[in-house]
Amino acid sequence: MRFEGYMGWLVLTYAVTVTGCPVFALPGGFTSSGLPVGLQLVGPPRSEARLISMAAHIEALLDVKPGTPIDPRAEAVRK
């Protein structure tokens, strides 16, 4: 799904926030052009422990941990 600008995708995250359900955001990898992709996991009410466990499992499966965090200054240094 492609959104026009920041507010396009912000609406989706806001909609989940008002439900009161626990939410976990984690890196999902990178596109072929090197852009980061994020995942947002949403659990049922009062399922924080289960959601954190699931997020850790997904992070391990995707093997994105070695590539994060991204240093935003790295690109400026290369130029």
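In case you missed it, the structure is sitting above this.
In this report, the structure presented in the accompanying data block is examined.

## Here we look at the overall build of the protein chain
Okay, so step 1: Looking only at helices and strands, one finds three helices and two strands in the protein chain.
Okay, so step 2: Taking all 79 residues of the protein chain together, 15% fall into the buried category.
Okay, so step 3: When contacts within the protein chain are restricted to residue pairs at least 6 apart in sequence, those whose partners lie at least 24 apart make up 35%.
Okay, so step 4: Summing over all exposed atoms, the protein chain offers an accessible surface of approximately 6500 Å²; the carbon and sulfur share of this is 63%.

## Some points on the nonpolar core
Okay, so step 1: Core analysis: the largest hydrophobic core is formed by five residues, namely L26, L41, L51, A55 and I58.
Okay, so step 2: The residues contacting A55, other than those within four sequence positions of it, are F24, L26 and L41.

## A few points about unusual backbone geometry
Okay, so step 1: The phi torsion at R46 lies on the positive side, around 60°, for a residue other than glycine.
Okay, so step 2: Relative to the helices and strands, R46 is located in the loop between strand 2 (36–42) and helix 2 (48–62).
Okay, so step 3: Relative accessible area serves as the criterion here: at 75%, R46 is assigned to the exposed category.

## A closer look at the pairing of strand 2
Okay, so step 1: Sheet topology note: the strand 1 (residues 23–30)/strand 2 ladder contains seven bridges and is antiparallel. Bridging from a neighbouring strand, G29 pairs with V37 of strand 2.
Okay, so step 2: Where strand 1 hands over to strand 2, the hairpin turn is made up of five residues, of which G34 adopts a positive phi near 90°.

## Here we look at helix 2
Okay, so step 1: In a regular helix each residue adds 1.5 Å, so 15 residues correspond to 21 Å; helix 2 covers 21 Å between its end C-alpha atoms and thus fits that length.
Okay, so step 2: Buried within helix 2 we find L51, A55 and I58. Looking down the long axis of helix 2, one finds its buried residues gathered within 65° of arc, a one-sided arrangement. Projecting away from the buried face of helix 2 at angles above 90 degrees are the exposed residues A49, R50 and A60.
Okay, so step 3: The elements touched by buried residues of helix 2 are strand 1 and strand 2.
Okay, so step 4: Just downstream of helix 2, D63 is the residue with a positive phi angle, here 50°.

Procedures and definitions
Residues numbered from 1 in each chain as written. Predicted model: local features only at pLDDT ≥ 70, side-chain atom pairs only at ≥ 80, totals over all residues. Heavy atoms only, no water. Helix = DSSP H or I, 4+ residues; strand = E, 2+ residues; numbered from the N terminus. Buried < 20%, exposed > 50% of the residue type's maximum accessible area, 1.4 Å probe, protein only. Contact = heavy atoms within 4.5 Å. Areas by Shrake-Rupley, 256 points an atom, 1.4 Å probe, with all protein chains shown as cover. Core = buried A, V, L, I, M, F, W, Y, C linked by side-chain atoms within 4.5 Å. Pairing = 2+ DSSP bridges. Expected span 1.5 Å × (residues − 1). Arc of directions from axis to C-beta.

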